[in-house]
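Structural overview
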Amino acid sequence: MYDYHMAADFLLQTKFYIPSPPAGYVPRQRLVECLEQGLGGKLILISAPAGFGKTTLLAEWLAENNFPAAWLSLEKDDNDLARFMAYFAACLGAYRDDLGREAMALLQSGQTPDSDRIMGVLVNELASLKEPFVLVLDDIHYIDNPLIYRAIALLIEHQPPSMHLVLAGRADPGFPVSRLRALGQMLEIRAGDLRFSLEEAAVFLERAGGRSLSPESTRTLWERTEGWPAGLQLAALSLQRQEDARAFIAGLTGTQEYIADFLQDEVLGGQPQAIQEFLLCTSILDQLCGPLCDALTGHDDGHETLEELAEQNLFLLPLDDVRRWYRYHRLFADLLQQRLRRSQPDLLPELHCRASRWFEDQGLRAQAIDHALEAADFERAALLLEETADETLMRSQFGTLTGWLKRLPEKELRRHPSLSVYLAWSLLLNGQPLDIIQSWLPETDAESGEMPPQVLPFHAYIGLVQGHYSRSARLARQALATLPQEEGYLRGMATWLLAVAGTQQSDLSDGAVLLEEMARQAKASGNVTLLVLALCNQGELRHVAGRLPEAKALYQQALNLSTLPDGQYLPIAGSALNGLGEIALEWNDLLAAEKYLTLGHHLSRQWSFLAALDGYANLALLRQTLGDEAAALQILEEAMEIARRSDFTEVDDWLVKLVRARLAIAQGKTVQAWHWALETGFERSGASDDTAAEEGQSLASRQRKYERVVFARLLLAENEPERALGQLALALPLLEHKGRVRAVIEVRSMTALALQAMGQDRAALQVISQALRLAQPGGFRRLFLDEGQPMARLLSKLQSRLAAYDGYGEVDPSYIGQLLAGFGAPAATRPAVAAPDDAAEAPLIQPLTERELEVLALIDAGLSNQEIANKLVISLSTVKVHTRNIYGKLAVRNRAGAVSRAHELGLLGNGRAAISAT
């Protein structure tokens, strides 16, 4: 599958440029008028072999009409679904910067892209545009992936009226167009239409060749080329250097393919020797500028030569407005490179070496490394990598570094131990088997038993993920004492490991102090990876301590630091996005949670599979919350597959199994949950459960309290509240001792539900009050909403008794009202702070968005959820999310209640304008 994360960093903006008509082009007014007529249908298809002027025609049409347009030039690598959808979304973003963002976030989820869903999102965005515009997909022949054509077909089926789609390529698209043809919804322009007429050919040859030809010679050349525009252009270039034009034209024989090959050879052969050498030497470059060309040719006229070639229209395209950077036409570059390989194969590696040195001198080490590898100058590449690796890793760009390292021969890697260590780190963070990873590490000294300093952070990491925190901290201290100062990344990892191991061995306040010191060191050294990790770890500590606003601020700070000036994210930003997504989920902001978690999960996978595990878990919980049980289970299956691959830790397997058991309980699949419980060591019978001490330092003892909470859920689902209370009572003091406020809130909430199930309402209300007092400062919602209607009943009881009895402590009635609104509670259970007579004046807990107001209006009109989805061109699941949000904000539980409450507030009809105005 296409490795999308590389494209996220290196999307080629030139693929979105609308080309200008070339100098000397011949106006094709008959075809321009034909295109104008095609705007009345759904699709304009321009299909013809190479060189028939498809792109030039579109450029002329758009330039002549000054028509707004989005443009995407396709290539063979775009045949991958993820890459195509990424470029498609980015192309729309290039046209209008408010388009394509949601689609890009979905693409960056790391899962196989759902083209129907992504295209649905894009169609929905396009439908909001009022101004007509053209969307051009050029060189569509590079696409043969049926999934991509399915997405394009979906676009056509739901095409907004303001959009006009144009597909141009050498072959018809891979989906049926007969229906569109039969309905008169498609304009077709083919090779026969694009061939120059005799009159057009005469004008073109005069402009392109700079010389007049006799009518006879023009007709002969037109007939021999069959009006093929590219053939005529190549002939005109050759004619510039021919003494006898008539003899040259008379010698043209053979089929179109042979003529093309002959003319291309003649174009090169007819150029001065200096130009030929320039073209061949610079053909290895993806982009050209004067100084770079000078470095390859050994001359000092690169800029002037590029300007000359551009003036001659010699297949050279400008990439910027000031015409400093250019690129060769792809077909021309391929021809030049093929000729270079055949004529001067020994020169090819030398040219790459020269390019590598030039890029290094400019400080562009990434390009320098690429050209060194192309030259097979592995020693130079390795030396450049040693200079670059630390900086690359401190920016969390593991994928980039790993790609380079894998292109080096094993022998070269072994000669550079530091690179071997970096490769081992990459393999470790991506969950490869331990024996393969260790094969790249320097060996421990046989006599002393001492590890090389570079290996110490590696084993400290192993100790951390295996739960051996004391050993991890000890090895991290040794690493900091022995690693050279220039080993910035490894010293940073050792610092991070020491801090994280410390947080596991001490209380949260001590851990926060360690992480704050780590952040100061990272900021001083410019280690972005370490700084972001420190901030995210601090955010996590605030989160588990119940201080969600503080946690969000730390995660946002980390995200800002890991965002590049062009808006792209470094891979380490995934940790910050996952944290923001988890908080959004806690606050029941499901749309924001989905945006953060999908993007964060994808970015995290680029540098560490363990870092991505939390993203898997949170995404699964989000899908469950949205009612998509199948998707939730699929996400966990993917996570388990990754977890099985690693053999140096069981934490990943444990986490996935724990979340899977919780989802099974939520979905009513208690048989599956019992399999987990028995495997974990809990008893199904009424016998006493394992109550071994859980204060030990082993990982298993630390995990046990969380297992008890999930087991208690299972017991509650099986109507065994007394046994559930026993498990919760064992877990609670350990969680309180460690300051895990979030977990304490969950345990107290479940305890209250167990007491309610046993008929002990007074005790249940006392306990839920304790939970609410802990939860309110952080604004927790999902912890209560996930408990369903039993929790709604309990909160309703508490709310009704607060006014009459003050024994439940300082519980804010408005907070209870907000929670009940999230359940879709009836109007009678809304906060008592507003009297019944003042109901119409009571403010909303949170204002409705524009989209929610649209959905509300359609509900009022009597449309079903599916009809609303069709009307707004959004998915059914998205409609359900908007509906749940509406119910929560209006504090109602059904459609009728929502419409009634909306009319009271003036959100529908004439009152809506008044509400908007205020």
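Residues numbered from 1 in each chain as written. Predicted model: local features only at pLDDT ≥ 70, side-chain atom pairs only at ≥ 80, totals over all residues. Heavy atoms only, no water.

Here we take up the nonpolar core. Of all hydrophobic cores here, the largest spans 159 residues; its most connected members are Trp425, Tyr489 and Trp496. Once residues lying within four places of it in the same chain are set aside, the contact partners of Trp425 are Phe398, Pro457, Phe458, Tyr461, Tyr489, Leu490 and Met493. The next biggest cluster of nonpolar side chains, apart from the first, holds 48 residues, and it includes Ile118, Tyr149, Ile152 and Val177. (Core = buried A, V, L, I, M, F, W, Y, C linked by side-chain atoms within 4.5 Å. Buried < 20%, exposed > 50% of the residue type's maximum accessible area, 1.4 Å probe, protein only. Contact = heavy atoms within 4.5 Å.)

With that settled, consider the environment of Asp80. Here Asp80 is to be found in the loop between strand S2 (69–73) and helix H4 (81–95). Judged by relative accessible area, Asp80 falls into the buried class, the value being 18%. (Helix = DSSP H or I, 4+ residues; strand = E, 2+ residues; numbered from the N terminus.)

Moving on: the packing of aromatic side chains. According to the stated counting rule, one finds 14 aromatic pairs in the structure shown. Each ring, one from Trp61 and one from Phe67, has its centre 6.5 Å from the other, and the planes form 15 degrees; the classification is stacked. With a relative accessible area of 23%, Phe67 lands in the partly exposed category. Aromatic pair Trp425 and Phe458: ring centres 6.0 Å apart, planes at 80 degrees, arrangement edge-to-face. Highlighted residues: Trp425 in helix H24 (residues 417–429) and Phe458 in helix H26 (residues 456–465), separated in sequence by 33 residues. Classification of Trp425 as buried rests on a relative accessible area of 0%. Residue class for Phe458 comes out buried when judged on its relative accessible area of 0%. The structure contains a cluster of three or more aromatic residues connected by ring pairs, namely Trp425, Phe458, Tyr461, Tyr489 and Trp496. For the cation-ring pair, Arg704 lies above Phe682, with the distance from its terminal atom to the ring centre recorded as 4.1 Å. (Phe/Tyr/Trp six-rings, centres within 6.5 Å; stacked < 30°, edge-to-face > 60°. Lys NZ or Arg CZ within 6 Å of the ring centre and 35° of its normal.)

Under the counting rule described, the total for this entry stands at 38 salt bridges. Across the pair Glu350 and Arg354 runs a salt bridge whose closest N-O atoms are separated by 3.2 Å. Of the two residues, Glu350 and Arg354 both sit in helix H19 (residues 347–361), four residues apart, roughly one turn of that helix. Using a relative accessible area of 33% as the deciding quantity, one classes Glu350 as partly exposed. Overall, the relative accessible area of 25% leaves Arg354 in the partly exposed class. Arg704 serves as the salt-bridge partner of Glu707, at 3.0 Å between the closest nitrogen and oxygen. Of this pair, Glu707 and Arg704 are both found in helix H38 (residues 699–717), three residues apart, which corresponds to roughly one turn of the helix. As far as burial versus exposure is concerned, Glu707 and Arg704 are alike and both buried. (Salt bridge = Lys/Arg side-chain N within 4 Å of Asp/Glu carboxyl O.)

Right, let's get into the confidence of the model for the chain. Residues at a pLDDT of 70 or more form 84% of the chain, whose mean pLDDT is 81. Mean pLDDT across the elements of the chain ranges from a minimum in helix H49 (residues 911–917), with 31, to a maximum in helix H40 (residues 741–757), with 96. With pLDDT under 50 throughout, residues 252–260 is counted as low confidence; its partners more than four residues away or in other chains account for twelve contacts. Taken as a whole, residues 825–843 scores under 50 in pLDDT and shows 28 contacts with residues more than four places along the chain or in a different chain. (pLDDT = per-residue confidence, 0-100.)

Turning our attention to the packing of helix H27 (residues 469–482) against helix H28 (residues 488–505). Between H27 and H28, whose axes approach to 8 Å, the crossing angle comes to 150 degrees. Here H27 is positioned roughly antiparallel relative to H28, judged by the angle of their axes. Crossing of H27 against H28: the hand is left-handed. Note on element contacts: H28 touches H27 through Arg491, Ala494, Thr495, Leu497, Leu498, Ala501, Gln504 and Gln505, opposite Tyr469, Ser470, Ser472, Ala473, Ala476, Arg477, Ala479 and Leu480. Within the contact of H27 with H28, the residues separate by chemical class into nine nonpolar, five polar and two charged. (Axes fitted to C-alpha atoms, helices over the stretch in contact; angles between N-to-C directions. Parallel < 35°, antiparallel > 145°, perpendicular 65-115°, else oblique. Left-handed = near helix turned anticlockwise from the far one by under 90°. Nonpolar A, V, L, I, M, F, W, Y, C, P; charged D, E, K, R; others polar.)

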